[in-house]
Amino acid sequence: MTQSDNSIAIASATSQLSNQNSLQQADEAISEFERSNLLSFWPALNKSQIIAEMRSRIHDPFQINQGGQPFCGPAAVTFTLLTRSPLRYVEICRRLWETGSFRTQSMRSISPSMTLRQSKGNLRMPQVDWMVLSALRESENLIFPIEANAPEIVRNLSGMTKSWEMAGWAREILGGRDVKSHYAYFSGDIPALRAADEALKAGGFAFALITAEGMLQNKPPLIPYPSHWVTLLGNVAIDEGSIRKGDRSRVSFDVYTWGRKIRVDIPKNSFENYFWVAITGR
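Not measured: the values here are computed from a predicted model.

A. A look at the overall build of the protein chain. Along its length, the protein chain carries twelve helices and eight strands. Going through the 282 residues of the protein chain one by one, you find that 46% of them count as buried. Sequence-distant contacts in the protein chain: of pairs separated by 6 or more residues, those separated by 24 or more amount to 67%.

B. Seen up close, the pattern of salt bridges. Evaluated as defined, the whole model comprises 13 salt bridges. The partner of glutamate 140 in a salt bridge is arginine 108, with the nearest N and O atoms 3.3 Å apart. In this pair, glutamate 140 is assigned in helix H6 (residues 127–140) and arginine 108 in the loop between strand E1 (102–103) and strand E2 (109–110), connecting sequence segments 32 residues apart. Close ionic contact of lysine 268 with glutamate 272 constitutes a salt bridge, the shortest N to O distance being 2.7 Å. Taken together, the positions of lysine 268 and glutamate 272, both in helix H12 (residues 268–274) and four residues apart, correspond to about one turn of that helix. A residue is classified by how much of its surface remains accessible, and lysine 268, at 16% relative accessible area, is buried. Shared partners join several salt bridges into a network, and the residues in it are Glu32, Arg94 and Glu98.

C. Seen up close, the pairing of strand E7 (residues 260–267). As paired elements, strand E6 (residues 250–257) and E7 share eight bridges and run antiparallel to each other. The residue of E7 that forms the bridge with threonine 257 is arginine 260.

D. Molecular detail of the nonpolar core. Among the nonpolar cores identified, the biggest contains 54 residues, and Met54, Tyr89, Trp130, Met131 and Phe207 are the most heavily contacted of them. What tyrosine 89 contacts, discounting residues up to four positions off in sequence, is Met54, Arg57, Ile58, Ile64, Thr78, Leu81, Leu82, Val128 and Val132. Core analysis: the second largest hydrophobic core is formed by 24 residues, Ile190, Ala206, Ile210 and Ile266 among them.

E. Expanded view of the packing of aromatic side chains. With the rule as written, the count across this model stands at nine aromatic pairs. Judged by centre distance (5.7 Å) and plane angle (45°), the rings of phenylalanine 205 and phenylalanine 207 are tilted. No difference in accessibility class separates phenylalanine 205 from phenylalanine 207, as the two residues are buried. Taken together through their ring pairs, the aromatic side chains of Phe62, Phe79 and Tyr256 make up a single cluster.

F. Representation of the layout of surface pockets within the structure. Quantified by volume, the second largest pocket comes out at close to 290 Å³. Around the second largest pocket sit eleven residues that line it, and Asn19, Leu82, Thr83, Arg84 and Pro86 are the ones nearest its centre. Residue assignment for the lining of the second largest pocket shows that the elements contributing at least two residues are helix H1 (3–35), helix H2 (47–59) and helix H3 (72–84). Ranked by the residues each element gives to the lining of the second largest pocket, the list is headed by H1, at four residues. Here the residues of the lining of the second largest pocket sort into five nonpolar, five polar and one charged.

G. The environment of serine 106, seen in detail. Tracing the backbone shows serine 106 in the loop between E1 and E2. Judged by its relative accessible area of 46%, serine 106 falls in the partly exposed class. The spatial distance from the C-alpha of serine 106 to the C-alpha of arginine 171 is 8.8 Å, given a sequence separation of 65 residues. Engagement of the side chain of serine 106 in a polar contact is seen with the side chain of glutamate 172, the distance being 2.8 Å.

Rules and cut-offs
Residues numbered from 1 in each chain as written. Predicted model: local features only at pLDDT ≥ 70, side-chain atom pairs only at ≥ 80, totals over all residues. Heavy atoms only, no water. Helix = DSSP H or I, 4+ residues; strand = E, 2+ residues; numbered from the N terminus. Buried < 20%, exposed > 50% of the residue type's maximum accessible area, 1.4 Å probe, protein only. Contact = heavy atoms within 4.5 Å. Salt bridge = Lys/Arg side-chain N within 4 Å of Asp/Glu carboxyl O. Pairing = 2+ DSSP bridges. Core = buried A, V, L, I, M, F, W, Y, C linked by side-chain atoms within 4.5 Å. Phe/Tyr/Trp six-rings, centres within 6.5 Å; stacked < 30°, edge-to-face > 60°. 1 Å grid on protein atoms, 1.4 Å probe; cavity = no way out; pocket = protein on both sides within 12 Å on 5 of 7 lines; lining within 4 Å. Points joined across faces, edges and corners; volume = space filled by probe spheres on them. Nonpolar A, V, L, I, M, F, W, Y, C, P; charged D, E, K, R; others polar. Polar contact = N/O pair within 3.5 Å; in protein donor to acceptor, adjacent residues only side chain to side chain.

Here is the structure:
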């Protein structure tokens, strides 16, 4: 084994040990939360269910699911938080449950309204995801309230996440540094994806704003528009033969969204139509 191979092996073993320690700490924090007798600030939610869902998510972040609510931005951020700091995720859940608020990296307080905390009925998503994702989404809303059972058009308007909000959450929730927005509304799609790939390879994170109908659902809209945030997971492959191959050149990469990992593999010209913004951080 060469010195380089040995260094890689040591780094991999160290990373695995760190991950195991993080999960153990998160598990212990959930058990401590489970033993707590403090009353809930979310009277319509069930603590036993919240605890069970928290446990499932720290061991499998893909369990995070926006369900039938338009919370793709908060879901992408929370998924990334779980993969990087499961203990912090547990702390946020417990603070929301027991105090009705939590503080971000800059000590800003995210304090869901009483109306939101008393939401009941058809949440359209798991309870712990509703508690965390709705709290994040409401924290940025100035006009439209978050209501679980509001008409679809109202829910969609209240659930829209802007690029500056994603960048803010990247700093405030994830503790991201060197957070950058790479816009590709008119050009620069491939450079934006390359920047995201570089951030991921450097141990950072990346999000993308896409047209989900065309990129993920094979339902090309008449007029492409930005509709959905995803977490970029890597495995980026960009066909360099675009001039020679025309429409046959392809772009592929992995994303998290809707509670699962999806492999995107589409023609380069379609990618350029459906890719709008990349947010990166380290």
